[in-house]
Amino acid sequence: MRGCMNRRETVKVLAAGVGFWLTPLEVRRAAEFAAKARSAGRGYEPKFFTPHEWETVRVLVDLVIPRDGRSGSATDAGVPEFMDFVLSDEPSRRTAMRGGLAWLDHECDDRYGKTFVASADAERAAVLDDIAWPNKAKPAVAPGVAFFNAFRDLTASGFWSSKMGAQDLRYMGNVVVPEWKGCPPEQLQKLGVRY
């Protein structure tokens, strides 16, 4: 990994990168593309990501939104395809993504002598714990924090704009509620509030 890009170049790339903010139209187009790609039934070939980046993205999105008892994982929802479409369609976003993925590999290489994907679950968790909490992060990992915040936002956009994500939210759409009785008592109790 050391020969691909040095840490200074990675930091420069991340600093120059543009955030992953999406318009509602971009989200809708990417979600439609991801749904079509997932329903095609054959292996998806990424347009933007290299094979190694694709593998890293697939691991990382599922660490952000894993499968649980309520719904599938980010990969199950087509988030990697969503991201690939966004990055293929929006060249201004590519540098930040590619630089962030390289940063993860460099950080794991420095700590464990292997890439993010090749690292053990506990090793990946240690790196992500250091960058997932911006207010607690050390200045030395600031580029990783910036990347991971944007990556997490893009993962959430992809997941909750998918059919699976909408079902996970239990969104009912424009359903008339004849009488709204307020927040359920068990939720009020959980929040420690009352009417």
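Residues numbered from 1 in each chain as written. Predicted model: local features only at pLDDT ≥ 70, side-chain atom pairs only at ≥ 80, totals over all residues. Heavy atoms only, no water.

S.K.: Looking at this structure, I do not really get the packing of aromatic side chains. What am I missing?
M.R.: Two descriptors summarise a pair of aromatic rings, namely the distance from one centre to the other and the angle between the planes of the rings. Taken as a whole and judged by the stated rule, the model has five aromatic pairs. Taking 5.0 Å as the distance between ring centres and 70° as the angle between the ring planes, the aromatic pair formed by phenylalanine 48 and phenylalanine 49 counts as edge-to-face. Accessibility classification places phenylalanine 48 together with phenylalanine 49 in one group, the buried group. Of note, arginine 124 hangs over the ring of phenylalanine 116, and the distance from its end group to the ring centre comes to 5.8 Å. Residue placement shows lysine 136 over the ring face of tryptophan 133; its charged tip is 5.9 Å from the ring centre. (Phe/Tyr/Trp six-rings, centres within 6.5 Å; stacked < 30°, edge-to-face > 60°. Buried < 20%, exposed > 50% of the residue type's maximum accessible area, 1.4 Å probe, protein only. Lys NZ or Arg CZ within 6 Å of the ring centre and 35° of its normal.)

S.K.: Any chance you could explain the confidence of the model for the protein here in plain terms?
M.R.: Reading predicted coordinates in detail is not appropriate for stretches of low pLDDT. Considering every residue of the protein, the mean pLDDT works out to 82; 79% of them sit at 70 or more. Across residues 1-20, where pLDDT falls below 50, the model places 39 contacts with residues more than four positions away in sequence or in other chains. (pLDDT = per-residue confidence, 0-100. Contact = heavy atoms within 4.5 Å.)

S.K.: Which parts of the structure should I look at to understand the packing of helix α5 (residues 94-112) against helix α6 (residues 121-131)?
M.R.: The axes of two packed helices give the description: the angle between them and the distance between them. Here α5 crosses α6 at 120°, and the two axes come no closer than 11 Å. By the criterion of interaxial angle, the relationship of α5 to α6 is oblique. Two packed elements cross with a definite hand, and for α5 against α6 that hand is right-handed. Counting all contacts with α5, which are made through Trp103, Leu104, Glu107, Cys108, Arg111 and Tyr112, the residues of α6 involved are Glu123, Ala126, Val127, Leu128, Asp130 and Ile131. Grouping the amino acids of the contact of α5 with α6 by side-chain chemistry returns eight nonpolar, no polar and four charged. (Axes fitted to C-alpha atoms, helices over the stretch in contact; angles between N-to-C directions. Helix = DSSP H or I, 4+ residues; strand = E, 2+ residues; numbered from the N terminus. Parallel < 35°, antiparallel > 145°, perpendicular 65-115°, else oblique. Left-handed = near helix turned anticlockwise from the far one by under 90°. Nonpolar A, V, L, I, M, F, W, Y, C, P; charged D, E, K, R; others polar.)

S.K.: Looking at this structure, I do not really get helix α7 (residues 142-160). What am I missing?
M.R.: Every α-helix winds through 3.6 residues per turn, so residues three or four apart in the chain are directed the same way. For α7, spanning 19 residues, the distance from its first C-alpha to its last is 27 Å, which sits close to the expected 27 Å at 1.5 Å a residue. When we look at burial in α7, the residues that qualify are Pro143, Gly144, Val145, Phe147, Phe148, Ala150, Phe151, Leu154, Thr155, Gly158 and Phe159. (Expected span 1.5 Å × (residues − 1).)

S.K.: Just checking my understanding: could you explain the nonpolar core for this structure?
M.R.: Nonpolar side chains in soluble globular proteins generally cluster together in the buried interior. Ranked by internal contacts, the top residues of the largest apolar core, which has 34 residues, are Phe49, Leu60, Met83, Met97, Leu104, Ile131 and Phe151. Counting residues per element, the ones that place at least two in this core are α3 (51-64), α4 (79-89), α5, α6 and α7. The element that contributes the greatest number of residues to this core is α7, accounting for six residues. For isoleucine 131, the residues in contact, after removing those within four places along its chain, are Trp103, Leu104, Val141, Gly144, Val145 and Phe148. (Core = buried A, V, L, I, M, F, W, Y, C linked by side-chain atoms within 4.5 Å.)

S.K.: I'm lost on the environment of valine 57 in this one. Help?
M.R.: Its location among the elements puts valine 57 in helix α3. Of the residues examined, valine 57 reaches a relative accessible area of 0% and is grouped as buried. It is 8.9 Å that separates the C-alpha atoms of valine 57 and methionine 83, two residues lying 26 residues apart in sequence. Leave out the neighbours within four places in its chain, and valine 57 touches Phe49, Pro80, Met83, Leu101 and Phe151.

S.K.: Teacher, can you tell me more about the side chain of glutamate 53 here?
M.R.: Along the chain, the position of glutamate 53 falls in helix α3. At a separation of 2.9 Å, a polar atom in the side chain of glutamate 53 contacts the main-chain amide nitrogen of threonine 50. (Polar contact = N/O pair within 3.5 Å; in protein donor to acceptor, adjacent residues only side chain to side chain.)

S.K.: So what exactly am I meant to see when it comes to a nonpolar patch on the surface here?
M.R.: Together, Val177, Trp180 and Tyr195 line one region of the surface with nonpolar side chains, adding up to about 450 Å² of accessible area. Tracing the backbone through its elements, the reader meets valine 177 in the loop between α8 (163-169) and α9 (185-191). Among the residues examined, valine 177 registers a relative accessible area of 49% and is labelled partly exposed. (Patch = residues over 30% accessible without salt bridge, like charges linked within 9 Å, V, L, I, M, F, W, Y side chains within 5 Å. Areas by Shrake-Rupley, 256 points an atom, 1.4 Å probe, with all protein chains shown as cover. Salt bridge = Lys/Arg side-chain N within 4 Å of Asp/Glu carboxyl O.)

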